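Chain and residue survey
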Amino acid sequence: MREILLKPELYKFKTFHEFIETFPLHERDLILTTGYLYDTFIKPYGAGIPVLRQDDFGAGEPTEEMLEGIFSSLDYDSYDRVVAIGGGTVMDLGKMLTVRRTGTINDLFFKRAELIREKKLIAIPTTCGTGSEVTSTSVAIVKDESGATTKLGLLSEDLIADTACLIPEFLTSLPHQAFSEALIDALIHAVEAFLSPRRATMTTDLFARGAIELILKGLRMAEEGHDLRQDYGEALLTASCYAGIAFLQAGCGTVHGLSYPLSGAYLVTHGASNYAFFEKVLETYQTYKPDGKLRELRSMICQIFGCEDDKALAVLAQAEAHLIPVKRLREYGVREGDLPVFTRSVFTNQKRLVDNSYVPLTEEMVEEIYRQVY
Ligand SMILES: [Fe+2]
């Protein structure tokens, strides 16, 4: 079994200015970013460099329409290298801009078209969340055969960036909500990789532990009143990258699996959607398999928060809620009748994630989790 996959060259810079000194931009580059990031950080260095502002093509996470719009607005032969600077959406779109247009977006996501990587990619995450700068997944909201929208991950090692650069300066401009959702998503990546029953290896274990410990310390600091973006940004950017390295090999699991139908149908952000399920999924694991890696996870929580083992999961949930409150599904407009539909979608479209669950799941167990957070 392969121990680890780490393909990009990894760099760390304090500021975007430092990055430019090592990686000068040129006219065959394509900067992919958001209007806000471009105006705030990139403009002084971007003269004469083609730029594509993701938010000109729609808000929120990548959709089939957004991707088609971007594809058709671009001359594919006009660039050799994509410099993607942004959150998860920009990272995921950046990966898609490196592949030849062998079919529609729908064809690519449902594997009716071959994925052929032709362009270079520099990935610069501006949130401490997705770890997408090191992973092999591009996620989009697409229409399945029945015409229903669902979120799907396109998985290929050909999508991995050539270079990933961590620049904490970018975190300082993030709104609290986006920052917090991203941070909890990063914690979920690390925990799901750590608990992966068959795919975790000694190296993913190391990176997942590193990420979990850094993020738990951050949650503790937040409870003590720190603004993590200012006081702890570099550590959290490191943690989300560690988590990305861990789940690139070990995979995500149940939390992501249950989250995709919700975010696909109701356009709930990725982080918020995962967060809705995290506590209940861990409680379900606790019911069926409290020992093994879950015991180790509780022990990490106890060490950092100074609590007893039987309180660990509740203490974690409380620390997360201190950062941002968790919402119930009904608050996102979900109807009770959606719950069996979501459950079926999990077993139809998210099998790779469910198969990586810490405890084997049945449809009844999944629907029960949906009901508990409804
Ligand atoms: Fe995620």
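Residues numbered from 1 in each chain as written. Predicted model: local features only at pLDDT ≥ 70, side-chain atom pairs only at ≥ 80, totals over all residues.

Things to note about the sheet that holds strand β1 (residues 9–12)
Pairing is parallel in the open sheet, where six strands are placed in the order β1-β8-β5-β4-β2-β3. Pairing within the sheet leaves two strands with one partner each, and these edge strands are β1 and β3 (51–53). Across the sheet, the axes of successive neighbouring strands diverge by a mean angle of 15°, strand direction being ignored. Where strand β5 (residues 120–125) meets strand β8 (residues 163–166), two bridges bridge the pair, whose relative direction is parallel. Residue Ala123 lies in a different strand from β8, and its bridge partner there is Ala164. Strands in contact with helix α2 (residues 35–42) are β2 (29–33), β3 and β4 (81–86); relative to β2, the strand with the most contacts, it is inclined by about 115°. (Pairing = 2+ DSSP bridges. Helix = DSSP H or I, 4+ residues; strand = E, 2+ residues; numbered from the N terminus. Axes fitted to C-alpha atoms, helices over the stretch in contact; angles between N-to-C directions. Contact = placed C-beta atoms within 7 Å.)

Brief notes about the domain arrangement of the protein
Taken domain by domain, the protein consists of domain 1 (9–169) and domain 2 (176–373). Spacing between the C-alpha centres of domain 1 and domain 2 amounts to 25 Å. At the junction of the two partners, domain 1 supplies 22 residues and domain 2 supplies 30 residues. Among the elements that take part in the side of domain 1 that touches domain 2, strand β7 (residues 149–155) stands out by supplying four residues, more than any other. (Domains from an automatic or database assignment.)

Section: the environment of Leu183
With respect to the helices, strands and loops of the structure, Leu183 is situated in helix α6 (residues 176–195). Look at Leu183 and you get buried, because 29 C-beta atoms sit within 10 Å. Separated by 24 residues in the primary sequence, Leu183 and Phe207 place their C-alpha atoms 16 Å from one another. Discounting residues that sit within four places of it in the chain, Leu183 has contacts with Cys128, Gly129, Ile215, Gly218 and Leu236. (Buried ≥ 20, exposed ≤ 12 C-beta atoms within 10 Å, placed from the backbone.)

Re helix α4 (residues 88–96)
Taken across its nine residues, α4 has nine buried, putting it largely inside the fold. Within α4, the full set of buried residues consists of Gly88, Thr89, Val90, Met91, Asp92, Leu93, Gly94, Lys95 and Met96. Contact partners of the buried residues in α4: β2, α3 (64–73), β4, β5, β6 (137–143) and α11 (270–288).

Side note on the packing of helix α7 (residues 202–223) against helix α12 (residues 293–305)
Two elements in contact, α7 and α12, have axes whose closest approach is 10 Å; the angle formed by their N-to-C orientations is 40°. Our classification of the angle between α7 and α12 gives oblique. Regarding α7 and α12, the two cross each other, and that crossing is right-handed. On the side of α7, the interface is formed by Ile212, Glu213, Leu216, Lys217 and Arg220, while α12 contributes Met300, Ile301, Ile304 and Phe305. Partitioned by chemical class, the residues of the contact of α7 with α12 number six nonpolar, no polar and three charged. (Parallel < 35°, antiparallel > 145°, perpendicular 65-115°, else oblique. Left-handed = near helix turned anticlockwise from the far one by under 90°. Nonpolar A, V, L, I, M, F, W, Y, C, P; charged D, E, K, R; others polar.)

What to know about the nonpolar core
In this structure, Ala190, Ala211, Ile215 and Ala246 are the most contacted members of the largest nonpolar core, which totals 117 residues. Counting residues per element, this core draws most heavily on α6, at 12 residues. Of the residues that make up this core, three or more belong to each of domain 1 (9–169) and domain 2 (176–373). Apart from the residues within four sequence positions on either side, Ala190 is in contact with Ala208, Ala211, Ile212, Ile215, Ala243 and Ala246. (Core = buried A, V, L, I, M, F, W, Y, C linked by C-beta atoms within 7 Å.)

Description of the pairing of β4
Within β4, five of the six residues are buried, leaving the element largely enclosed by the surrounding structure. Note: β2 against β4, four bridges, orientation parallel. Note on β4: the bridge partner recorded for Leu30 is Val82. Both β4 and β5 contribute to a ladder of six bridges, which runs parallel. Bridged to Val82 within β5 is Leu121.

Topic: unusual backbone geometry
Positive phi values are uncommon outside glycine, yet Lys111 reaches one of about 65°. According to the C-beta neighbour criterion, Lys111 is exposed, with 12 such atoms within 10 Å. The backbone of Leu267 shows a phi angle near 50°, a positive value even though the residue is not glycine. Structurally, Leu267 is set in the loop between α10 (254–266) and α11. A residue is classified by how many C-beta atoms lie within 10 Å of it, and Leu267, with 17 of them, is partly exposed.

Observations regarding the environment of Ile105
Along the chain, Ile105 turns up in helix α5 (residues 105–109). Overall, the presence of 23 C-beta atoms within 10 Å leaves Ile105 in the buried class. Distance from Ile105 to Val82, taken between C-alpha atoms, is 18 Å for residues 23 residues apart in sequence. Setting aside chain neighbours within four positions, we find Ile105 in contact with Glu64, Leu67, Glu68, Ala140 and Val142.

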